[in-house]
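# Tertiary structure, described
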Amino acid sequence: MIQNKAVKSTALALLKGNWANAVFAGIAPVATAVIIFLAGSLLDLPIGTFSGIIVVIALLFILSPLNMGVLRYFWRMSNECKDSPVEIFYYFSSLSAYRRVMNFNIKITFRVILGAVIFSLPATVVATITSESFYEFIGSATPLWVLSFKTLVVILQIAGYIATVAYLISLYLPAFLMVANEDMTADECIRHGIKIGRYTKVKFANIVFSYIGWIILTILAVPCLFTMPYLLMSYVVSCRFLVARHNMLADKINGVPKHEI
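As a starting point, this report considers the structure included with it. What you see is a predicted model, and the numbers here were worked out from it, not measured in a lab.

For the protein chain, the count of helices and strands is 10 helices and 0 strands. For the protein chain, the sequential pattern of α-helices and β-strands runs α-α-α-α-α-α-α-α-α-α. For the protein chain, the spread of C-alpha atoms along the three principal axes comes to 70 × 55 × 35 Å. Across the 261 residues that make up the protein chain, the buried fraction comes to 41%. When contacts within the protein chain are restricted to residue pairs at least 6 apart in sequence, those whose partners lie at least 24 apart make up 69%. When the accessible surface of the protein chain is split by element, carbon and sulfur atoms take 71% of a total near 14,700 Å². Here the protein chain holds 20 positive side-chain charges and 12 negative ones, and the gap between their average locations is 9 Å.

Put into structure tokens, the structure is as follows:
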């Protein structure tokens, strides 16, 4: 069984002597996101709604490949590679690397959005057909029975949130496979990551929930300098441990090969 303490102690050991570079790498995406949103707010007055579109494009085509570069940097650090922090821009270094990572980012983003929409659909449908505005639109009086469905809407919303979180946890591995094995295509990373995740997502969720305090601290600016590298390295270590566990059981899981990590 993977022990949470083993993940944490291994992450700290790997960061020892590398904190300065790890802090730079961990904070770079946060700083980039702040710059993108500030630029969006400055553009809001002259171009209005289009500023929101520009922010979304920048998040997808600039921030998302940078995030993957940061993840790759921490993965290589876990292999005791002494890379320069500028390696976080690896996916901007060549057209082929950028196209590969963007192919992955677009496909995984689509899956996330689609999953969130599907899980929120029941609550949205019930809320719509039980709202007063719906009956005003169709020119009918609001039936009295719709009041009894208000509680159902809340229950469906909570169920949708829980299902969405569970779905996101099941997608924890594709990004790691993407940076750890450059011979795999985006589709292979997603397919294999999801299949391995079926057998390991509960263990990963257990590890994530053991970091709740650290995750809350990351919301604050100053602690973020130290918690972000720790969380990123812990994610890498968790994935390595869980993939190693999969490799031991790979013969029993059809269609998912062993992975060098």
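With that settled, consider the environment of T200. Relative to the helices and strands, T200 resides in helix α8 (residues 186-209). Those residues in contact with T200 that sit more than four places away from it in its chain are Y172, L242 and R245. Of the polar contacts made by the side chain of T200, one reaches the side chain of Y172; its length is 2.5 Å. Here I196 takes part through its backbone oxygen, which lies 3.0 Å from a polar atom of the side chain of T200.

So, on to the packing of helix α4 (residues 95-129) against α8. The geometry of α4 relative to α8 is characterised by a closest axis approach of 8 Å and an angle of 40° between their N-to-C directions. As judged from the angle between their axes, α4 and α8 are oblique. Between α4, through N103, F104, K107, I108 and R111, and α8, the contact on the second element is made entirely by A186, D187, C189, I190 and I194. Here the contact of α4 with α8 is composed, by residue class, of 6 nonpolar, 1 polar and 3 charged.

The rules behind the values
- Residues numbered from 1 in each chain as written.
- Predicted model: local features only at pLDDT ≥ 70, side-chain atom pairs only at ≥ 80, totals over all residues.
- Heavy atoms only, no water.
- Helix = DSSP H or I, 4+ residues; strand = E, 2+ residues; numbered from the N terminus.
- Buried < 20%, exposed > 50% of the residue type's maximum accessible area, 1.4 Å probe, protein only.
- Contact = heavy atoms within 4.5 Å.
- Areas by Shrake-Rupley, 256 points an atom, 1.4 Å probe, with all protein chains shown as cover.
- Lys, Arg positive; Asp, Glu negative; His and termini not counted.
- Charge placed at Lys NZ, Arg CZ, Asp CG, Glu CD.
- Polar contact = N/O pair within 3.5 Å; in protein donor to acceptor, adjacent residues only side chain to side chain.
- Axes fitted to C-alpha atoms, helices over the stretch in contact; angles between N-to-C directions.
- Parallel < 35°, antiparallel > 145°, perpendicular 65-115°, else oblique.
- Nonpolar A, V, L, I, M, F, W, Y, C, P; charged D, E, K, R; others polar.

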